[in-house]
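One letter stands for each residue in the lines below.
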Amino acid sequence: MLTNYHVIERVIDEAGLPKKSVTCVFDYLKRPDGAVQLGIPFEVDKCVEFSRYGPSETTASIYDPMPTMDYLDYTLLHLKQPVGQMEPPGQALRRRGWVDLWDTPWDSHHLRRKV
């Protein structure tokens, strides 16, 4: 699961391991009539990769200092269950699926510079 680093930074250590039990909730829904579908919690196994936010995110000016490519503010989490292979509530015989980042028009292999 992909989220921002600032969302998860307080609950992971420097190695990307959860300091305590962390869950991601899928299928939470608040309906127009006010009814709430609470969703399904899935426990985080580990943080696969992350990039912190830049120093400017903690200042009054978002460009002081100017962010660099080292500060992308993302976290890629590995969940203990394969959520992409599961059926969403009320959608029998369907799978959530996922986006295969290595099989897209913007595949990083096509973006490499020729030297």
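This report concerns the structure included in the present document. By convention here, each chain's residues receive numbers from 1 onward along its written sequence. In keeping with the predicted nature of the model, local features appear solely for residues at pLDDT of at least 70, side-chain atom pairs appear and are counted solely at 80 or more, and the whole-chain, interface and lining totals rest on all residues. Each side-chain value is worked out from all heavy atoms of the structure, with water and hydrogens disregarded.

## As for the overall build of the chain
Item 1. Helix and strand content of the chain: two helices and six strands.
Item 2. Helix numbers and strand numbers start at the N terminus; a helix is a DSSP run of H or I with at least 4 residues, a strand a run of E with at least 2. Ordered by position in the sequence, the α and β elements of the chain form the string β-α-β-β-β-β-β-α.
Item 3. Per-residue burial for the chain yields a buried fraction of 22% across its 115 residues.
Item 4. To be clear on the numbers: accessible area is Shrake-Rupley with a 1.4 Å probe, and residue cover counts the displayed protein chains and nothing else. Put simply, the chain shows about 9,200 Å² of open surface, and 55% of that area lies on carbon and sulfur atoms. Categorising residues by exposure relies on relative accessible area from a 1.4 Å probe, with only protein chains included: less than 20% of the type maximum marks a residue as buried, more than 50% marks it as exposed, and the intermediate range marks it as partly exposed.

## So, the side chain of D73
Item 1. Assignment of secondary structure puts D73 in the loop between β5 (40-51) and β6 (74-79).
Item 2. Charged residues are defined narrowly, with Lys and Arg counted positive, Asp and Glu counted negative, and His plus the chain ends left uncounted. Within this document, salt bridges are pairs made up of a side-chain nitrogen of Lys or Arg and a carboxyl oxygen of Asp or Glu, the two lying within 4 Å of each other. With no salt bridge to any partner, buried D73 finds its closest opposite charge in R52, at an N-O distance of 9.6 Å.
Item 3. In the analysis that follows, any N or O atom pair within 3.5 Å is treated as a polar contact, provided that within protein one partner can donate a hydrogen and the other can accept it, and provided that, for residues neighboring in sequence, both atoms belong to side chains. Side chain to side chain, D73 and H6 meet in a polar contact 2.7 Å long.
Item 4. Between two residues, a contact is recorded if the distance between any of their heavy atoms is within 4.5 Å. With near-sequence residues (within four places) excluded, D73 lies in contact with T3, N4, Y5, H6, S51, R52 and Y53.

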